[in-house]
Amino acid sequence: ENGIIELYQKNGYSLARIESINVSQEGVVNLGLAEGVIDSVEFEKMPSKNDNERQSLKRSTLRTKPYIFERNQKIIPGDIYNDENLKETIRELYRTGIFTRIEPIFAGKEDDVNARVIKLFIEERPTTTINGSISYGTSVGLVGELKLSDSNFLGRGQDASATLSASNKGDKTFELSWFDPWLKGTEQVQLGGAIYWTQSVDDNAEADEVEKVKKYGTRWTIGKGLNKDIGVSFSARYDNYKELFGKFW
């Protein structure tokens, strides 16, 4: 028994076990093996210390969409469970940067001794941030900036941000950006874009010099992951400038 189970475990099949041993009247030994076939894989939100029976459905439900888990999942129902496939699943989920803790739990099924249910309890990282800053420079004056960003926008693993800045000398910037590192339903296709508007002011401009420059534009990026570590991308950008000269007084 030890030799059989050790061989399974040596190759990563750690859920395998001997369910029965029978010896026939002719001396034939029959071993009943359960190799540990994956029946289902479930992803659940890890309960917090403050959770109780009255917690809301929203607090007990993962924010991240199911397809984010599915495309990083290497443990497939119907396959025999293998430790390396679980480790790779957990590694790929951590690589998204969305999760801080992942714990697997195994359970059997009463009607099938060979079936195993795998539950992964997930702790999601807080991904929404609001940053504000105030700075001063001799050329730009007093500058205030406010940025709202989310690295798991709408639970889809996307990066989205909105930035607004302004100075007391008249400089202003506004930008909206969005990037999806893996579009849903594609083979690792990436897509991102941004729109922006800026205004810069030169207080020292003479009457025949440019005093104010207004610009609006957009930039877009599309890419393709060749594998989990290497990809290619292409970018395009369009800017429109409007220059305003100083006025004669």
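Residues numbered from 1 in each chain as written. Predicted model: local features only at pLDDT ≥ 70, side-chain atom pairs only at ≥ 80, totals over all residues. Heavy atoms only, no water.

1. With respect to the overall build of the protein chain
- The helix and strand inventory of the protein chain stands at four helices and 12 strands.
- Radius of gyration (C-alpha) of the protein chain: 29 Å, far over the 18 Å computed for a compact globule of 249 residues.
- With respect to the principal axes defined by its C-alpha atoms, the protein chain has extents near 115 × 45 × 25 Å.
- For the protein chain, the share of sequence-separated contacts (at least 6 apart) that also reach a separation of at least 24 residues comes to 48%. (Helix = DSSP H or I, 4+ residues; strand = E, 2+ residues; numbered from the N terminus. Rg over C-alpha atoms; globule rule 2.2 N^0.38 Å. Contact = heavy atoms within 4.5 Å.)

2. Here's the deal with the sheet that holds strand β4 (residues 99-109)
- Within the open sheet, the three strands sit side by side as β3-β5-β4. Their pairing is mixed. Edge positions in the open sheet fall to β3 (37-45) and β4, since each of these has one partner strand only. When the angles between neighbouring strand axes are averaged without regard to direction, this sheet yields 20°.
- Across eight bridges, the pairing between β3 and strand β5 (residues 112-124) is parallel. Its bridge partner lying in β5, E44 is registered against F121.
- Running over the sheet, helix α4 (residues 83-95) touches β3, β4 and β5 and is turned about 150° from β4. (Pairing = 2+ DSSP bridges. Axes fitted to C-alpha atoms, helices over the stretch in contact; angles between N-to-C directions.)

3. A short note on the environment of K212
- Within the secondary structure, K212 sits in strand β11 (residues 210-225).
- Accessibility expressed as a relative area gives 25% for K212, which makes it partly exposed.
- Along the primary structure K212 and R95 are separated by 117 residues, whereas in three dimensions their C-alpha atoms are 44 Å apart.
- Contacts of K212, omitting those with residues within four sequence positions, involve Q199, S200, V201, K242, E243 and L244. (Buried < 20%, exposed > 50% of the residue type's maximum accessible area, 1.4 Å probe, protein only.)

4. Let's talk about the environment of V201
- Along the polypeptide, V201 turns up in strand β10 (residues 189-201).
- Placed 124 residues apart in sequence, V201 and P77 show a C-alpha to C-alpha distance of 62 Å.
- Not counting residues within four places of it along the chain, the set of residues in contact with V201 comprises K169, G170, D171, E211 and K212.

5. What to know about the pattern of salt bridges
- The final tally for this structure, using the stated rule, is 11 salt bridges.
- A salt bridge links R17 to E19; the nearest nitrogen and oxygen atoms lie 2.4 Å apart.
- Between D39 and K109 there is a salt bridge, with the nearest N and O atoms lying 3.4 Å from each other. Of this pair, D39 sits in strand β3 while K109 sits in strand β4, placing them 70 residues apart in sequence.
- Classification of K109 as partly exposed rests on a relative accessible area of 31%.
- Members of the salt-bridge network, linked through shared partners, are E42, E44 and K119. (Salt bridge = Lys/Arg side-chain N within 4 Å of Asp/Glu carboxyl O.)

6. Remarks on the confidence of the model for the protein chain
- Averaged over all residues, the pLDDT of the protein chain is 90; the fraction at 70 or higher stands at 93%.
- In the model of the protein chain, helix α2 (residues 57-60) stands out as the element of lowest mean pLDDT, 62, in contrast to strand β9 (residues 172-180), which has the highest, 97. (pLDDT = per-residue confidence, 0-100.)

7. A word on the nonpolar core
- Counting residues in hydrophobic clusters, the biggest one holds 17 residues, and the most contacted among them are F43, F69, I75, F99, I102, L120 and I122.
- Contributions of two or more residues to this core are made by β3, α4, β4 and β5. (Core = buried A, V, L, I, M, F, W, Y, C linked by side-chain atoms within 4.5 Å.)

8. Comments concerning unusual backbone geometry
- For L154, which is not glycine, the phi torsion reads 60° and is therefore positive.
- Notably, Q188 is not glycine yet its phi reads approximately 60°, a positive angle.
- In this structure, Q188 sits in the loop between β9 and β10.
- Given a relative accessible area of 22%, Q188 falls into the partly exposed group.

9. Regarding the sheet that holds strand β7 (residues 141-153)
- The strand order β6-β7-β8-β9-β10-β11-β12 describes an open sheet built from seven strands, whose pairing is antiparallel. Taken across any chain shown, the strands that pair with only one partner, and hence form the sheet edges, are β6 (128-137) and β12 (231-245). Taking each pair of neighbouring strands and ignoring which way they run, the sheet shows an average axis angle of 10°.
- Bridge count for β10 against β11 is 13 bridges, and the pairing is antiparallel.

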